[in-house]
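For reference, the chains in residue letters:
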Amino acid sequence: MSYQVLARKWRPKSFETLVGQEHVVRALTHALATGRLHHAWLFTGTRGVGKTTISRILAKALNCEAGVSATPCGQCDACRAIDADRFPDYVEMDAASNRGVDDMAALLDRAVYAPVAGRYKVYMIDEVHMLTGHAFNAMLKTLEEPPEHVKFILATTDPQKIPVTVLSRCLQFNLKQMPQGQIVEHLARVLEAEATPFEAGALRHLAHAAAGSMRDALSLLDQAIAHGAGRVLEEQVTHMLGTVGDDHLYAILDALAASDADALLAVADGMEMRSLSFDAALQALATLLGRVALVQFAPAAVADEHERARLSAQAGRFDAEYLQLAYQIAIHGRDELALAPDEYTGFTMSLLRLLAFRPEQPTASSAAPGGGGTGGKARVLPVQPMAGGKPAAVAPAPKAEAPKAIAAMTKPTAVHGGDVPPWEALPPEAEMQVSDAPPDMPKKRVSAENPGAAQAAAGAQRKPAAQSEPVAATADGAAVAAAFACADWREVVRALGLSGLTRELAQHCEWIGYGDGDLRLRLSDIYRHLLELDAAMPARIEGELGRALGHPLKLHIETGAIAGQTPAQRDESERRARHAQAMAALKSDPFVLELIERFDASLNEDTVKLL
Ligand SMILES: [Zn+2]
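Every value quoted in this text rests on a predicted model; they were computed, and no experiment measured them. (Residues numbered from 1 in each chain as written. Predicted model: local features only at pLDDT ≥ 70, side-chain atom pairs only at ≥ 80, totals over all residues.)

Q: Looking at this model, I keep getting lost on unusual backbone geometry. Mind explaining?
A: A negative phi angle characterises most non-glycine residues, just as the trans form characterises most peptide bonds. Not every positive phi belongs to a glycine, and Ala-211 is a case in point at roughly 50°. Within the secondary structure, Ala-211 is located in the loop between α9 (200-210) and α10 (214-227). Owing to 15 C-beta atoms within 10 Å, Ala-211 belongs among the partly exposed residues under this scheme. Phi is positive for Ser-259, which is not a glycine, with a value near 50°. In this structure, Ser-259 sits in the loop between α12 (246-257) and α13 (261-273). (Helix = DSSP H or I, 4+ residues; strand = E, 2+ residues; numbered from the N terminus. Buried ≥ 20, exposed ≤ 12 C-beta atoms within 10 Å, placed from the backbone.)

Q: Can you walk me through the sheet that holds strand β3 (residues 121-126) in this structure?
A: Reading across from one edge, β2-β3-β4-β1-β5 is the order of the 5 strands in this open sheet, with parallel pairing throughout. Unpaired on one side and paired on the other, β2 (90-94) and β5 (171-174) mark the two borders of the sheet. Across the sheet, the mean angle from the axis of one strand to that of its neighbour is 15°, orientation sign disregarded. The pairing of strand β1 (residues 40-44) with β5 spans 4 bridges and is classified as parallel. From the neighbouring strand, Trp-41 faces β5, where its bridge partner is Leu-171. (Pairing = 2+ DSSP bridges. Axes fitted to C-alpha atoms, helices over the stretch in contact; angles between N-to-C directions.)

Q: Sorry, what's going on with the pairing of strand β8 (residues 509-515) here?
A: Consecutive side chains along a regular strand alternate between the two faces of the sheet. Inspection of the sheet shows β8 paired to strand β9 (residues 518-524) by 6 bridges, in the antiparallel sense. Paired with Gly-513 across the strands is Arg-520, a residue of β9. Counting the residues between successive antiparallel strands, the hairpin from β8 to β9 contains 2 residues, one of them, Asp-516, with a positive phi of roughly 55°.

Q: What is the right way to look at the sheet that holds β9 in this model?
A: Spatial ordering of the open sheet is given by β8-β9-β10, a layout of 3 strands whose pairing is mixed. At either margin of the open sheet sits one strand with a lone partner, and together these are β8 and β10 (554-560). The average undirected angle you get between the axes of adjacent strands in this sheet is 20°.

Q: Sorry, what's going on with the packing of α12 against helix α14 (residues 278-297) here?
A: The packing of two helices is summarised by the inter-axis angle and the distance between the axes. Where α12 meets α14, the axes come as close as 10 Å, and the angle between the chain directions of the two elements is 65°. Classed by the angle they form, the pair α12 and α14 counts as roughly perpendicular. Handedness of the α12/α14 crossing: right-handed. Packed against α12, whose contacting residues are His-248, Leu-249 and Ile-252, the element α14 presents Ala-281, Ala-284, Leu-285 and Leu-288 at the interface. Per-class residue counts for the contact of α12 with α14 are 6 nonpolar, 1 polar and no charged. (Parallel < 35°, antiparallel > 145°, perpendicular 65-115°, else oblique. Left-handed = near helix turned anticlockwise from the far one by under 90°. Contact = placed C-beta atoms within 7 Å. Nonpolar A, V, L, I, M, F, W, Y, C, P; charged D, E, K, R; others polar.)

Q: Can you walk me through helix α2 (residues 22-34) in this structure?
A: Because an α-helix completes one turn every 3.6 residues, residues spaced three or four positions apart along the sequence face the same direction. Spanning 13 residues, α2 covers 18 Å between terminal C-alpha atoms, matching the ideal 18 Å at 1.5 Å per step. Positive phi shows up at Gly-35, right after α2, with a value of about 70°. (Expected span 1.5 Å × (residues − 1).)

Q: Please clarify how the packing of helix α8 (residues 180-193) against α9 should be interpreted in this entry.
A: It is at 9 Å that the axes of α8 and α9 come closest, and there the two elements cross at 125°. With respect to α9, the axis of α8 lies oblique. Crossing handedness for the pair α8 and α9: right-handed. Between α8, through Gln-180, Ile-183, Val-184, Leu-187 and Ala-188, and α9, the contact on the second element is made entirely by Leu-203, Arg-204, Leu-206, Ala-207, His-208 and Ala-210. Tallied by class, the residues present in the contact of α8 with α9 amount to 8 nonpolar, 2 polar and 1 charged.

Q: Teacher, can you tell me more about helix α25 (residues 567-587) here?
A: Here α25 is 21 residues long and its end C-alpha atoms lie 30 Å apart, about the 30 Å a rise of 1.5 Å per residue gives. Looking at the buried side of α25, the elements it contacts are α21 (489-496) and α22 (500-507).

Q: Is there a simple way to think about the environment of Thr-196 in this case?
A: Structurally, the position occupied by Thr-196 is in the loop between α8 and α9. Residue Thr-196 is classed as partly exposed on the basis of its C-beta count, with 16 C-beta atoms lying within 10 Å. Distance in space between the C-alpha atoms of Thr-196 and Ile-225 is 8.2 Å, their sequence separation being 29 residues. Sequence-distant contacts of Thr-196, that is, excluding residues within four places in its chain, are made with Leu-191, Ile-225, Gly-230, Arg-231 and Val-232.

Q: Please explain the environment of Gln-236 as it appears in this structure.
A: Relative to the assigned elements, Gln-236 resides in helix α11 (residues 234-241). Residue classification places Gln-236 among the partly exposed residues on the basis of 17 C-beta atoms within 10 Å. Sequence-wise, Gln-236 and Ile-225 are 11 residues apart; in three dimensions their C-alpha atoms are separated by 9.6 Å. Excluding residues within four positions of it along the chain, Gln-236 makes contact with Ala-224, His-227 and Gly-228.

Q: Help me understand the environment of Gly-316, please; the structure alone is not making it clear to me.
A: Within the element layout of this structure, Gly-316 appears in the loop between α15 (305-315) and α16 (320-337). Considered as a pair, Gly-316 and Leu-533 are 217 residues apart in the sequence and their alpha carbons are 9.1 Å apart.

Here is the structure:
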């Protein structure tokens, strides 16, 4: 027996085996069970979502020799003939190729005669929007007074183009695109039944490429089986699709979490060796970053359990803000590929930019499971103060690349230096401070910065922020205590040096009051989901605070509307003010003015980045 393509072999033959479209099946089943049958149905939806499949099942339901029901037997002559596409009373017509009035007239002429073999004549007209106006009119006449024995099933990918006179006579169903998870499940079932070995990751790539079409997914699966000589392996599938395997993408995230430029470049080199598309890689990376961000805010939105677990591990390693930025870098990186000297250079510059913009994290903190600290080189991005309102965009390349020690702590007793925004840049001496970890704390690593990353940062784009590294507990304890005494929550958060989601949570809280060892904070309502992401975060803040202040306290976080300003809100309003200031400075900058005058240039305000 010759090989039958999977899409055909696995076309569902009954409503029970149909994947997806439950709402349509329910309505049709009910209509068939109660005998309330329309004369015309209209199925809308993109290609490959099951319009023809449902039409065939419906034709069987109407013509099965066992009687009209939602569960045609599948065994009688009528059922088998319809499945085999040789039933005289079931006509499938593609309006894209038979669109003229003649074809339609011929079809409708035959409609008046009684069925030859079945109970009903069923006409399935696919891509019905392609019919000409005359053909529509001819059909409309029949639709207005249809013979009892005639049923029309119209299908279209473009319902807008169907005259309302036709629409109004049809019962309309909108078929949905198949969710990726459903496609993966179905492909897995097919492969199990076919006794074909497969890797789950491969199916996710196929489902993604199929973009909601089960038919396309099955066709791609056919190709994948041929490609993999009887097996469906992730590596072969990604190669076949020209997509970049998840492993590469996760390796990029790992390298970013570890601030490891060498590891990043190794990923790029590995991809080049295998001739993977850098454009596709940036696209896939943007998708992945988007998924990680999604998991931070709405974990339930990711249906696939395996994927959610993998994403959640990443979600704990990156700030929400950084993910937004990284996403931007990835999508803009694609644009820039065309301008790059070559794709490899363009791609690696995007990677280095991702690294350069990565806020330095106290990597060993619990918010960064498996995060940096273990493999990464620490970077020091020298601070570039905006001198005299001069925009940072024309500042000279950083020179002060002094070696610097960091002591990443593994014990919770560590108090880390907070992020220092560039506009509050410390003098170089402050940046350079080298601190020894207390003897009872393991000193994880002491390393010089990575010049590559710093140069990339200087050359490609400006760094968003230079961070102070984790420093000895006493220095920050004093800062925390001072800020705490002033009830300045933003300074407290900054001095505490929290990282990841814990920092995010603290940033969206406002100070309500402190007394009798009780600190009360209010979390903005719209960020209450942060508490659900990791219930241990308040305790972490409480512990860090207690240690920094030298006495325990009890933290209470309530949720509600913010009365004053959270640190995040203050940061944002300051950023806006600085942006306005930078714009004003830029607009009066002689060099910029000359550019504008000589080249009729205009300033693209969105591209002005503050550093
Ligand atoms: Zn039957």
